[in-house]
Amino acid sequence: MKKHTFLLLAFFLCAPLLAADIAWVGWSPNAFKRAKSEKKLVLLDLGAVWCHWCHVMEKTTYKDPRVIDLLKKHYVAIQVDQDAEPDLSVRYEDYGWPATILFDAEGKELAKFSGYISPDEMASMLAAFVADPTPGPSVTGRRKADTQLPTADLEKKFLERYYENYDSSEGGWGRGHKFLNWHCAEFALSKATEDNDDRSRKMAVQTLDAQRNLIDPVWGGVYQYSTGGNWKEPHFEKIMQMQAENLRVYSRAHALFPDKGYRDAALSIAKYMKDFLTSPQGVFYVSQDADVVRGKHSEAYFSKSDKERRKEGIPRVDKNNYARENGWAINALATAYAYLGDEKFLDSALTAAKWVEKNRALKGGGFRHSKKDPAGPYLGDSLYMGRAFLTLAMVTGDRAWLNKARRTADFIEKNFRHPDAGYITSASKRLANLDAVRQIEENAFLTRFFNLLEHYTRDARYGKAASHGTKFLVGPVATDRFVPADTLLVLRELDKDPVHITVVGAKNNKEARKLYRAAIAIGPTYKLIEWYDPKEGPIPGATVKFPPLERPAAFACSGSRCSLPAFSAEDIAARLSSLNAVSKR
């Protein structure tokens, strides 16, 4: 008995030391060269700082002596924070987090596993691939994108899927994990208000109401998702993209449905971003962990008051400053400023934008991800900063931001264009056997960015770039998905001109500023808002000539027609309504 007790005690005392024997390395060609010279396989552990099950796997699976021994003898072990290396994150996003990928020494994928793997399962799997290192069923070849342009039948198919996959009982699209699918919500808001589609209105309102269950009632901010097919079993990590897109959608929803309390939801999210995810310099952080104690579920913690939580500590915040995450935040805050009218949102967006320009800019108009990237540049950093610049141009009327958006778009076109269709995630190829990835969400967002930029600049090059993105989005790789609402938004916006309002008047004129504020608060997000100050000269590319006016005015335009001048917010809405009525005849 004493011998057994001694052995058991020795095991627990040595386990942490054994775990340190996993010689984790970073992702690089050198790791595969080493695997080849040592005749080993390669394991990639791809996780996230905020990920609860990643922490559990670290404490259990990678502390198991069998796993440690197998990795030490037969594998080169790579560990990567997916937020830090977007090319790997995008490639394996369907398998995580945590995601576990096995390779041979040449870089050929052998198997891909999603989520937590227990010590027994991991030991068995590692041993099996040592015995037979051939690709498993999780590894499939990529299909090439069809380059046919969209058809009415394709859009009809997407719409059917959009309606069929709506959970009419609980709200939200899908009946498993619950979270705000911002593409679906944005599409629903567009159809509800612009097409007067009552079904989409009910879907949008039900989902936005239900999503409020995932807003932290104490600190604000949005939990990542809820399990159990309902909205009341949250996982508590708070990720910047979730904060930014929820803030953007709730802000717009408030403009459309001001009596629903969506302003409060937006303000709660913005407050959390300021209090927890903003650095002293005004640049934004990445995420906040789900756990106070790594690997321990925190449901009890998040049920407590602010004072009680702080006694136990505050979950770790990932304080990296990535350009992509800041692009999300800037775009959301500028949108919130447009719809909610709080100058603090604009100030925060401008501060972060200027910091990113100073600290993350690349030659030629693009952006790097972090202070020093292991690869890159990555599409997401330039894409989301470019879109943020365009939103800042819209809400401020400052042409300098539009010029920045153009430079970033030109950088994207030069560095990320795929020869067949769409745009790739990373401009560098760190492993020869891995093909370039075209991520669907990035391509949809980029196509919408290019399309709107064409309207702002009257430059047909961006329209051609949007068409190139669309070719990928209508191919089988991108269309065989759950609910392709992001592509529905693309098709919707490419099919018509944006709402177009031009304010004419000096930028230092109080009445002109008031009119511009009213113009940017108009409901749709797909809009072209411009400010013509005669002192600045003509709007680049614009063909409409405005008459001399004794006082500032706004003109609503549609196609080749512009309205009579509007001198108040109410007049602007009336002019738009009149133009829309004529265009529908």
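Residues numbered from 1 in each chain as written. Predicted model: local features only at pLDDT ≥ 70, side-chain atom pairs only at ≥ 80, totals over all residues. Heavy atoms only, no water.

A. Quick peek at the overall build of the protein chain. Assigned secondary structure in the protein chain consists of 23 helices and 13 strands. The proportion of buried residues among the 585 residues of the protein chain is 56%. Accessible surface, the protein chain as shown: approximately 25,800 Å² in total, 52% of it carbon and sulfur. (Helix = DSSP H or I, 4+ residues; strand = E, 2+ residues; numbered from the N terminus. Buried < 20%, exposed > 50% of the residue type's maximum accessible area, 1.4 Å probe, protein only. Areas by Shrake-Rupley, 256 points an atom, 1.4 Å probe, with all protein chains shown as cover.)

B. Helix 9 (residues 198–211), seen in detail. Between the first and last C-alpha of helix 9 there are 20 Å, a value that for 14 residues agrees with the 20 Å anticipated at 1.5 Å per step. As for helix 9, its buried residues are in contact with helix 7 (152–164), helix 8 (182–194), helix 10 (240–256) and helix 11 (262–276). Two or three places before arginine 199, at the opening of helix 9, aspartate 197 has a side-chain oxygen 3.3 Å from that residue's backbone nitrogen. (Expected span 1.5 Å × (residues − 1). Contact = heavy atoms within 4.5 Å. Polar contact = N/O pair within 3.5 Å; in protein donor to acceptor, adjacent residues only side chain to side chain.)

C. Inspection of the environment of proline 29 at higher detail. Within the secondary structure, proline 29 is located in helix 2 (residues 29–38). For the pair formed by proline 29 and arginine 430, sequence separation is 401 residues and the distance between their alpha carbons is 6.6 Å.

D. Examining the sheet that holds strand 2 (residues 75–81) more closely. Spatial strand order, 2-1-3-4: four strands in an open sheet with mixed pairing. In this open sheet, the two edge strands, each paired with only one partner strand, are strand 2 and strand 4 (109–114). Averaged over all pairs of adjacent strands, the angle between their axes in this sheet comes to 15°, without regard to strand direction. Bridge count for strand 1 (residues 41–47) against strand 3 (residues 99–103) is five bridges, and the pairing is antiparallel. By the bridge assignment for strand 3, aspartate 45 is matched with threonine 100. Each of strand 1 and strand 2 touches helix 4 (residues 65–74); the most contacted strand, strand 2, lies at about 110° to it. (Pairing = 2+ DSSP bridges. Axes fitted to C-alpha atoms, helices over the stretch in contact; angles between N-to-C directions.)

E. Examining the pattern of salt bridges more closely. All chains considered together, the criterion is met by 36 salt bridges. The shortest N-O distance in the salt bridge between glutamate 186 and arginine 448 comes to 2.8 Å. One end of the pair, glutamate 186, is in helix 8; the other, arginine 448, is in helix 18 (residues 440–457), with 262 residues separating them in the sequence. A relative accessible area of 11% places arginine 448 in the buried class. (Salt bridge = Lys/Arg side-chain N within 4 Å of Asp/Glu carboxyl O.)

F. Looking closely at the packing of helix 10 against helix 14 (residues 323–340). In contact at an axis separation of 8 Å, helix 10 and helix 14 are set at 15° when each is read in the N-to-C sense. Looking at the two axes, helix 10 sits roughly parallel to helix 14. Considering how the two elements wind past one another, helix 10 and helix 14 form a crossing that is left-handed. Contact residues: Met240, Gln241, Ala244, Glu245, Leu247, Arg248, Ser251, Arg252, His254 and Ala255 in helix 10; Glu325, Trp328, Ala329, Asn331, Ala332, Leu333, Thr335, Ala336, Tyr339 and Leu340 in helix 14. (Parallel < 35°, antiparallel > 145°, perpendicular 65-115°, else oblique. Left-handed = near helix turned anticlockwise from the far one by under 90°.)

G. Representation of the packing of helix 7 against helix 21 (residues 485–494). With their axes 10 Å apart at the nearest point, helix 7 and helix 21 run at an angle of 135° to one another. Classified by the angle their axes make, helix 7 and helix 21 are oblique. By crossing handedness, the relation of helix 7 to helix 21 is classed as left-handed. Residues Glu155, Phe158, Leu159 and Tyr162 of helix 7 form the contact with helix 21, whose participating residues are Thr487, Leu488 and Leu491. Of the residues contributing to the contact of helix 7 with helix 21, the split by class is five nonpolar, one polar and one charged. (Nonpolar A, V, L, I, M, F, W, Y, C, P; charged D, E, K, R; others polar.)

H. The sheet that holds strand 8 (residues 287–288), seen in detail. Pairing in this open sheet of three strands is antiparallel, and the strands run 7-8-9 from one edge to the other. The open sheet has two edge strands with one neighbour each: strand 7 (238–239) and strand 9 (317–318).

I. Spatial organisation of the pairing of strand 4. Here strand 3 pairs with strand 4 via five bridges, running antiparallel. Residue pairing across strands places phenylalanine 103 opposite glutamate 109, the latter belonging to strand 4. The antiparallel pairing of strand 3 with strand 4 creates a hairpin that spans five residues between the two strands, and glycine 107 there sits at a positive phi of about 95°.

J. Up close: helix 15 (residues 343–360). Its 18 residues give helix 15 an end-to-end C-alpha distance of 25 Å, which sits within 8% of 26 Å, the value for a rise of 1.5 Å per residue. What helix 15 keeps buried is the set Phe345, Leu346, Ala349, Leu350, Ala352, Ala353, Trp355, Val356 and Arg360. At its buried positions, helix 15 is contacted by helix 11, helix 14, helix 16 (379–396) and helix 17 (399–416). The opening residue of helix 15, the one whose side-chain oxygen lies 2.9 Å from the backbone nitrogen of lysine 344, is aspartate 342.

K. Up close: the side chain of arginine 252. Among the secondary structure elements, arginine 252 is positioned in helix 10. Sequence-distant contacts of arginine 252, defined by excluding residues within four places in its chain, comprise Glu186, Leu189, Ser190, Thr193, Glu194, Tyr339, Gly523, Pro524 and Thr525.

L. How the structure looks around the side chain of arginine 438. By the secondary structure assignment, arginine 438 is in the loop between helix 17 and helix 18. Look at arginine 438: it is buried, it has no salt bridge, and the nearest opposite charge is aspartate 420 at 5.2 Å. Reaching out from arginine 438, the side chain makes a polar contact with the backbone oxygen of alanine 421 at a distance of 2.8 Å. (Lys, Arg positive; Asp, Glu negative; His and termini not counted.)

M. Quick peek at the pairing of strand 10 (residues 499–504). Along strand 10, five of the six residues are buried, which leaves the element largely enclosed by surrounding structure. Following the backbone out of strand 10, through helix 22 (residues 510–520) and into the adjacent parallel strand 11 (residues 527–532), one traces a crossover that is right-handed. (Right-handed = clockwise from strand over helix to strand, strands pointing away.)

N. Geometry of unusual backbone geometry. Cis geometry is adopted by the peptide bond preceding proline 377, which originates at glycine 376 and carries an omega value of 5°. Along the chain, the position of proline 377 falls in the loop between helix 15 and helix 16. Non-glycine residue asparagine 196 carries a positive phi angle of around 55°. Structurally, the position occupied by asparagine 196 is in the loop between helix 8 and helix 9. When its relative accessible area of 69% is taken as the criterion, asparagine 196 is described as exposed. Unusually for a residue other than glycine, arginine 458 sits at a positive phi of about 60°. Mapping arginine 458 onto the fold places it in the loop between helix 18 and helix 19 (460–473).

O. Focus on the confidence of the model for the protein chain. This prediction gives the protein chain a mean pLDDT of 87; 90% of its residues lie at or above 70. Between residues 140–147, whose pLDDT stays under 50, and residues either more than four places distant or in other chains, the model counts 18 contacts. Confidence drops under a pLDDT of 50 for residues 581–585, and excluding neighbours within four residues, the segment shows three contacts in the predicted structure. (pLDDT = per-residue confidence, 0-100.)

P. Representation of the packing of aromatic side chains. Enumeration according to the criterion identifies 25 aromatic pairs in this entry. Between the aromatic rings of tyrosine 423 and phenylalanine 450, the centroid separation amounts to 5.6 Å while the plane-to-plane angle is 50°, which identifies the pairing as tilted. With tyrosine 423 in the loop between helix 17 and helix 18 and phenylalanine 450 in helix 18, this pair connects stretches of sequence that are 27 residues apart. Here tyrosine 423 falls in the buried class, since its relative accessible area comes to 1%. Owing to a relative accessible area of 0%, phenylalanine 450 belongs among the buried residues under this scheme. For the ring pair phenylalanine 450 and tyrosine 462, a centre distance of 6.4 Å and an interplane angle of 10° mean the geometry is stacked. Taken as a pair, phenylalanine 450 in helix 18 and tyrosine 462 in helix 19 lie far apart in primary sequence, twelve residues in all. For tyrosine 462, a relative accessible area of 2% puts it in the buried group. Ring-pair connections join several aromatic residues into one group, and the members of that group are Trp219, Tyr223, Phe236, Tyr272, Phe276, Tyr301 and Phe302. Looking at arginine 309, its charged tip hangs above the ring of tryptophan 219, at a distance of 4.6 Å from the centre. (Phe/Tyr/Trp six-rings, centres within 6.5 Å; stacked < 30°, edge-to-face > 60°. Lys NZ or Arg CZ within 6 Å of the ring centre and 35° of its normal.)

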